[in-house]
Amino acid sequence: QVQLVQSGGGLVQAGGSLRLSCAASGSIFSISTMAWYRQAPEKERELVARISSRGVTYYTDSVKGRFTISRDNAKKTLYLQMNSLKPEDTAMYYCALKPDWASQYNYWGQGTQVTVSS
């Protein structure tokens, strides 16, 4: 069974930085696509970034050049480095895991709040 435990997040002023982490249990981390999603109040959940098992990355347009997704397969940990944060980045952030053979994200972290003040 896979569990994803998130850490990081918090309150930061606009222009600041935060790093989110997502530690996975189990043995499939290295053969899974990992992703960060976020959901702001009264908004739909959106994909922020993802990284494939081979290290190919994708970013939504609004975070390109500001956020960096990375993974450490030895530590079974996913990261999201967030720089130049904006108030519109305020949301609950979730990590997610999709095994390479799966069609959807089967496992989710507990969520961590990121609040950016103006």
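Thresholds applied
- Residues numbered from 1 in each chain as written.
- Predicted model: local features only at pLDDT ≥ 70, side-chain atom pairs only at ≥ 80, totals over all residues.
- Heavy atoms only, no water.
- Disulfide = S-S within 2.5 Å.
- Helix = DSSP H or I, 4+ residues; strand = E, 2+ residues; numbered from the N terminus.
- Salt bridge = Lys/Arg side-chain N within 4 Å of Asp/Glu carboxyl O.
- Buried < 20%, exposed > 50% of the residue type's maximum accessible area, 1.4 Å probe, protein only.
- Polar contact = N/O pair within 3.5 Å; in protein donor to acceptor, adjacent residues only side chain to side chain.
- Contact = heavy atoms within 4.5 Å.

Peer 1: Pulling in residues and values, what's your account of the state of the cysteines?
Peer 2: The term disulfide refers to a covalent linkage connecting the sulfur atoms of a pair of cysteines. Per the counting criterion, the structure on display carries one disulfide. Covalent S-S linkage joins Cys 22 and Cys 95, the inter-sulfur distance amounting to 2.1 Å. Between Cys 22 and Cys 95, the S-S torsion sits near 60 degrees, and that sign places the bridge as right-handed. Pair noted here: Cys 22 is in strand E3 (residues 18-24) and Cys 95 is in strand E9 (residues 91-99), with a separation of 73 residues, a long-range link.

Peer 1: Describe in detail the pattern of salt bridges, supporting the description with residues and values.
Peer 2: Enumeration over the complete set of coordinates arrives at four salt bridges. For Arg 38, the salt bridge is made with Asp 89, and the minimal N-O distance between the two is 3.0 Å. Residue Arg 38 is found in strand E4 (residues 32-39), and its partner Asp 89 is found in the loop between strand E8 (77-82) and E9; the two are separated by 51 residues along the sequence. Assigned by exposure class, Arg 38 and Asp 89 land together as buried. Of the charged contacts in the structure, one is a salt bridge between Asp 89 and Arg 66, with a shortest N-O distance of 2.7 Å.

Peer 1: With reference to specific residues and values, describe unusual backbone geometry.
Peer 2: Phi angles above zero are rare outside glycine, and Glu 42 is one such case at about 65 degrees. Mapped onto the elements, Glu 42 comes out in the loop between E4 and strand E5 (46-51). Despite not being glycine, Lys 76 shows a phi value in the positive range, around 50 degrees. Within the element layout of this structure, Lys 76 appears in the loop between strand E7 (67-72) and E8.

Peer 1: Can you tell me about the side chain of Arg 38, naming the residues and giving the values?
Peer 2: With a relative accessible area of 5%, Arg 38 lands in the buried category. A polar side-chain atom of Arg 38 sits 3.3 Å from a polar atom in the side chain of Ser 62. In terms of polar contacts, Arg 38 uses its side chain to reach the side chain of Tyr 93, at 2.9 Å. With residues near it in sequence (within four places) discarded, Arg 38 still touches Glu 44, Arg 45, Glu 46, Val 48, Ser 62, Val 63, Phe 67, Asp 89, Ala 91, Met 92 and Tyr 93.

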